[in-house]
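Each chain, written out:
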Amino acid sequence: MTENNRRARILATGSYVPEFALTNEALCRMVDTSDEWIRERTGIRERRINPNLSNREMASTAAKRALEMSGLSPLDLDMIICSTITNDNYTPSLACYVQGDLGASNAFAFDINAGCSGFVYAMENASAFISSSRPNAKAVNHVLIVCSENLSRITDYTDRSSCVLFGDGAGAVIVGADEVGVLASYMRADGKGANSIVAPALTAATVTEDGRVETAPPVEKPGLVMNGREVYRFAVRAVPEAFEAGLKLAGLTADQLDYAILHQANLRIINAVIDRLGLDPAKVPFTIDRYGNTSSACIPVLLDEMNRSGKLKRGDKLAIAGFGSGLTYGVIVTEW
Ligand code: ACO
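Only a predicted model underlies this, so the values are computations on that prediction, with no experimental measurement involved.

Explain the overall build of the protein to me, and be specific about the residues and the numbers.
Across its full length, the protein holds 10 helices and 15 strands. For a compact globule of 336 residues, the expected C-alpha radius of gyration is about 20 Å, and the protein comes in at 20 Å, within 12% of that figure. Overall, the protein is about 60 × 50 × 45 Å in size when its C-alpha atoms are taken along their principal axes. Counting across all 336 residues of the protein, residues that qualify as buried make up 53%. In the protein, 78% of the contacts between residues at least 6 apart in sequence involve partners at least 24 apart. A total accessible area of about 14,800 Å² is found for the protein, and carbon and sulfur atoms account for 49% of it. Looking at charge distribution, the protein has the averaged site of its 33 positive side-chain charges lying 2 Å from that of its 39 negative ones.

The structure is reproduced here in structure tokens:
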């Protein structure tokens, strides 16, 4: 590996999902819905939740499992990126808690908030830091990415159109510098659609035109509000666009991929993307039926399951697609 040939490669994975399964039958007792409607419209049978668990506990558990698989010491980590939209606090960042819990005292640490695209956004950052050689800055050789979400805390369990979708979970990867790894990336955002998925802050301060600061009364429960149809339309347009652009940049065609890893928002979205891109469904694994949408945690949890069950082999070519609130989207094409 030379200074000009440093790529970001996933070395190890870890994950954590709570034990308690919130089934469709249980949701039918909470809102006016049915198991049939949820399965037909979303593909979800159950989701794991534990609103009493801190994001920090989930994130640090997934991180420790990934670190253990990598065989590295916490001191080998140069950078920690956490992705979350449900941090326990406005500040400090989740990444700093994880850094402290691991004793990764050589790593700098920060969070990103890119909704369900958090994993691909974090991979893009890890890849950029690993590949870049900067004067008077320490080389970044090992990055820990943790995506951890307590969506049950911000889910409005009186809103049947959104509460059936979400679950809790955390996924982590250790990324290292190698000659093989990320081949291409295509990252985007469409802020004009920002209001399609909103979880408001506890208090909202606005500055009026004449310069006064007005603070709105505290929101009692900061529930997530989503325009499902708009997000659906966005996803089936944006994911194929990013996919085709990412593959073109990598010089690959869809049939050369071993796996297409998609954000797990809805099985109908996954199937629509499979149809539009002519993908082989056997190469598009999913967990949505068991875990629901765990936002940015979906992709690393799925990768960890595939890795631990021996499905992923060194040299496999993967296209990984995220999309979510922001609206954000992006694709990373990588060699495993
Ligand atoms: N049970 C029964 N009926 C329901 C339910 C429910 N749980 N939810 C909605 N309905 C009803 C609606 O009220 C509507 O009834 P009406 O026709 O009498 O008005 C009917 O079902 C159809 O509603 P739609 O919203 O058109 O249903 P759709 O087929 O679009 O499915 C869904 C809704 C599942 C939310 C879908 O739009 C979707 O998956 N969107 C994408 C969501 C997503 O991907 N979010 C990811 C981002 S989240 C993040 O970043 C954190």
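Break down the domain arrangement of the protein for me, with residues and values.
You can read the domains of the protein as domain 1 (3-179) and domain 2 (184-194 + 218-335). The centre of domain 1, based on its C-alpha atoms, is set 15 Å off from the matching centre of domain 2. At the junction of the two partners, domain 1 supplies 49 residues and domain 2 supplies 45 residues. For the pair domain 1 and domain 2, the summed buried surface comes to about 3,700 Å²; carbon and sulfur atoms form 57% of the total. Counting across the interface, domain 1 meets domain 2 through one salt bridge. Its salt-bridge partner being R45, residue D289 comes within 3.3 Å of it at the nearest N-O pair.

Explain the site of the ligand to me, and be specific about the residues and the numbers.
Around the ligand, the surrounding shell holds 24 residues, and the nearest of these are T33, R41, C116, R229 and N266. Take W37: an N or O atom from its side chain is 3.4 Å from a nitrogen atom of the ligand. Taking R160, its main chain carries an N or O atom lying 2.9 Å from a nitrogen atom of the ligand. Surface burial for the ligand is 78%, taken as the share of its 1,000 Å² of free accessible area covered by protein chains. Residue assignment for the shell around the ligand shows that the elements contributing at least two residues are α2 (35-42), α6 (160-163), α7 (228-250) and α8 (267-277). It is α7 that contributes the most residues to the shell around the ligand, four residues altogether. In terms of residue class, the shell around the ligand is made up of 11 nonpolar, eight polar and five charged. Mapping the shell around the ligand onto the domain boundaries places at least three of its residues in each of domain 1 (3-179) and domain 2 (184-194 + 218-335).

Explain the packing of helix α3 (residues 55-70) against helix α4 (residues 94-102) to me, using residue names and the numbers behind them.
Here α3 crosses α4 at 55°, and the two axes come no closer than 9 Å. Accordingly, the angle class assigned to the pair α3 and α4 is oblique. Judged by the twist between their axes, the crossing of α3 over α4 is right-handed. Residues N55, R56, A59, S60, A63, K64 and L67 of α3 lie in contact with α4, whose contacting residues are L94, Y97, V98, D101 and L102.

If you had to explain the side chain of S325 to someone new, which residues and values would you point to?
Considering the arrangement of structural elements, one finds S325 in the loop between β14 (317-324) and β15 (328-335). Beyond its immediate chain neighbours, meaning those up to four positions away, S325 contacts A114, G115, C116 and I197.

I'd like a description of the sheet that holds β14, backed by residues and values.
Ordered in space as β8-β15-β14-β13, the four strands form an open sheet in which the pairing is mixed. Where the open sheet ends on each side, the last strands, each with one partner, are β8 (182-189) and β13 (259-262). With direction set aside, neighbouring strand axes in the sheet form an average angle of 10°. Pairing between β13 and β14: four bridges, direction parallel. Bridge pairing in β14 links Y259 to L318. Set on the sheet, helix α10 (residues 298-308) makes contact with β13 and β14; between it and β13 the angle comes to about 145°.

Please set out the sheet that holds strand β4 (residues 79-83) residue by residue, giving values where relevant.
Strand order in the open sheet formed by five strands is β1-β7-β6-β4-β5, with mixed pairing between adjacent strands. Of all the strands in the sheet, the pair left with one neighbour each is β1 (7-16) and β5 (108-112). Between one strand axis and the next, the sheet turns by 20° as a mean value, whatever way the strands run. As judged from the nine bridges shared by β1 and strand β7 (residues 168-178), these two strands associate in the antiparallel manner. Along β7, the bridge assignment pairs A12 with I174. Against the sheet, helix α5 (residues 118-131) makes contact with β1, β4, β5, β6 (142-150) and β7, and its axis sits at roughly 165° relative to β4, the strand it touches most.

Describe the packing of aromatic side chains, listing the residues and the values that go with them.
In the structure shown here, the tally under the stated rule is three aromatic pairs. Ring centres of F234 and Y329 lie 5.6 Å apart, and the angle between their planes is 80°; on these two criteria the pair is classed as edge-to-face. Of this pair, F234 sits in helix α7 while Y329 sits in strand β15; the two residues are 95 residues apart in sequence, bridging distant segments of the chain. What makes F234 buried here is its relative accessible area of 5%. Over the aromatic face of Y186 sits the side chain of R188, whose NZ or CZ is 4.1 Å from the ring centroid.

Calculation notes
- Residues numbered from 1 in each chain as written.
- Predicted model: local features only at pLDDT ≥ 70, side-chain atom pairs only at ≥ 80, totals over all residues.
- Heavy atoms only, no water.
- Helix = DSSP H or I, 4+ residues; strand = E, 2+ residues; numbered from the N terminus.
- Rg over C-alpha atoms; globule rule 2.2 N^0.38 Å.
- Buried < 20%, exposed > 50% of the residue type's maximum accessible area, 1.4 Å probe, protein only.
- Contact = heavy atoms within 4.5 Å.
- Areas by Shrake-Rupley, 256 points an atom, 1.4 Å probe, with all protein chains shown as cover.
- Lys, Arg positive; Asp, Glu negative; His and termini not counted.
- Charge placed at Lys NZ, Arg CZ, Asp CG, Glu CD.
- Domains from an automatic or database assignment.
- Buried area = accessible area lost by both parts, 1.4 Å probe.
- Salt bridge = Lys/Arg side-chain N within 4 Å of Asp/Glu carboxyl O.
- Near = heavy atom within 4 Å.
- Polar contact = N/O pair within 3.5 Å; in protein donor to acceptor, adjacent residues only side chain to side chain.
- Nonpolar A, V, L, I, M, F, W, Y, C, P; charged D, E, K, R; others polar.
- Axes fitted to C-alpha atoms, helices over the stretch in contact; angles between N-to-C directions.
- Parallel < 35°, antiparallel > 145°, perpendicular 65-115°, else oblique.
- Left-handed = near helix turned anticlockwise from the far one by under 90°.
- Pairing = 2+ DSSP bridges.
- Phe/Tyr/Trp six-rings, centres within 6.5 Å; stacked < 30°, edge-to-face > 60°.
- Lys NZ or Arg CZ within 6 Å of the ring centre and 35° of its normal.

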